[in-house]
Structure formats: C-alpha cells, structure tokens
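# Reading the structure
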Amino acid sequence: MSGPSADKLDVILMKAGRMKIRYPAEVVADDGTVVTVRAPWAADGVRDFGFVRFEPGDVFTEHYWRDRWYAVKEVRTSTGALKGWYCDVTRPAVRDGATLTVEDLDLDLWCSADGGTIIRLDEDEFTESGLTERDPAAAAAALSALDELERLARGAGSLSPGPR
C-alpha cells in the first residue's frame, strides 16, 4: 500500500462513543502506518477560534497514524496559503476499507503557519471527560501525545509530517 492513490474514504471522528462528524476525503497516500487524506472544511459555516478561522473553501491535508495517539491536519485557504496545523489527540487510527475511524480524546494543539503561535487546547474538556479514571493508560498516552506535539511544534516551528 505505498504511493499516492485516488481512493476516496469517509473519515469518522468519534467522541465519547458517538459519531461527532463524518465526512468524505480523498486518500493522498497510505503506507500502512500513516494515512494521508485531503478534504475541504467539513463543518457548516465559519468556526472562529480567535487565533484562526476555519471556513468554507479551506482545505485540510490530514495525517492519521495507526501507531500514534494523534492526527496532524495542515490547514490552507482556498488559494493555498498555509494557515497552520490543527492537531487532534486521538487513539491510533483504524482504516477499514473505505472508512477511517479515530476517537477524539479532547486534547488539541494549534500551531500557526509561522510557528509563532502554539496553543494547547481543551485541557479542561479532557479533565472533565473522566478518561483518567475510566482508562488511565489511554489518558497517559493522550497527555504524552500532546506533549510530543508541542515539542515537535516548538522544535521545528511546524508540524509537517516527515521522517522522525
């Protein structure tokens, strides 16, 4: 399974046992460890976080690992200008034919295009989720993943996937 592919699949983001969002994406590559897909902004309307706006026309190139507890999403405008990287802390991705499923563990990280703004997000939601009590090993893996993402962003000034 190496090299580019014109396959389509549905990305399914689960949260607390329920489907949060499902959207179609084009498979860019799948090397057996990392699945890379491209998709337009999948939500309705604009989502303004204050530090970045996601809006119709934005294009997300999303990297999902089968062996890491996070996904890295490169965000570009409709004209191709890089906005930055939005990272979700998730359980490792599972691809089953035409679906790619990930479980959102609440923690997120934003890294701006210039690497000057790096923000840890939703740590309060993570605490409130109860994961630490329900599944301490998963909670520890999630916190470690967020720390790794922040280290990568601060060290490289970007989160473009590549050999590590």
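Whatever comes next refers back to the structure up there.
Below or above, wherever it landed, is the structure these notes cover. Keep in mind the model is a prediction, meaning the values are calculated, not measured.

### Things to note about unusual backbone geometry
Positive phi values are uncommon outside glycine, yet Asp106 reaches one of about 80°. Mapped onto the elements of the fold, Asp106 is located in strand S10 (residues 99-112). Of the residues examined, Asp106 reaches a relative accessible area of 9% and is grouped as buried.

### Observations regarding the nonpolar core
Counting residues in hydrophobic clusters, the biggest one holds 22 residues, and the most contacted among them are Val72, Val89, Leu109, Leu149 and Leu159. The set of elements that each furnish at least two residues to this core consists of strand S7 (70-76), strand S8 (82-90), S10 and helix H3 (136-156). Take this core: its biggest share by element is seven residues, from H3. With 14 residues, the next largest nonpolar core counts Leu13, Val37, Ala39 and Ala71 among its residues.

### As for the pairing of strand S2 (residues 18-30)
As defined by bridge partners, strand S1 (residues 8-15) adjoins S2 across eight bridges and the pair is classed as antiparallel. Pairing of Ile12 across the sheet is with Arg22, part of S2. Where S1 hands over to S2, the hairpin turn is made up of two residues, of which Ala16 adopts a positive phi near 55°. Bridging between S2 and strand S3 (residues 34-40) involves four bridges; their strand directions are antiparallel. Bridging across to S3, Ala29 finds its partner in Thr36. Taking the residues between adjacent antiparallel strands as the criterion, S2 and S3 are bridged by three residues, where Gly32 takes a positive phi near 95°.

### A short note on the environment of Arg154
With respect to the helices and strands, Arg154 occurs in helix H3. The class of Arg154 is exposed, set by a relative accessible area of 52%. In sequence terms Arg154 and Ala39 are 115 residues apart; their C-alpha atoms lie 26 Å from each other.

### Observations concerning the pairing of S1
The pairing of S1 with S10 spans five bridges and is parallel. Across the sheet, residue Met14 finds its bridge partner in S10, namely Glu103.

Conventions used here
Residues numbered from 1 in each chain as written. Predicted model: local features only at pLDDT ≥ 70, side-chain atom pairs only at ≥ 80, totals over all residues. Heavy atoms only, no water. Helix = DSSP H or I, 4+ residues; strand = E, 2+ residues; numbered from the N terminus. Buried < 20%, exposed > 50% of the residue type's maximum accessible area, 1.4 Å probe, protein only. Core = buried A, V, L, I, M, F, W, Y, C linked by side-chain atoms within 4.5 Å. Pairing = 2+ DSSP bridges.

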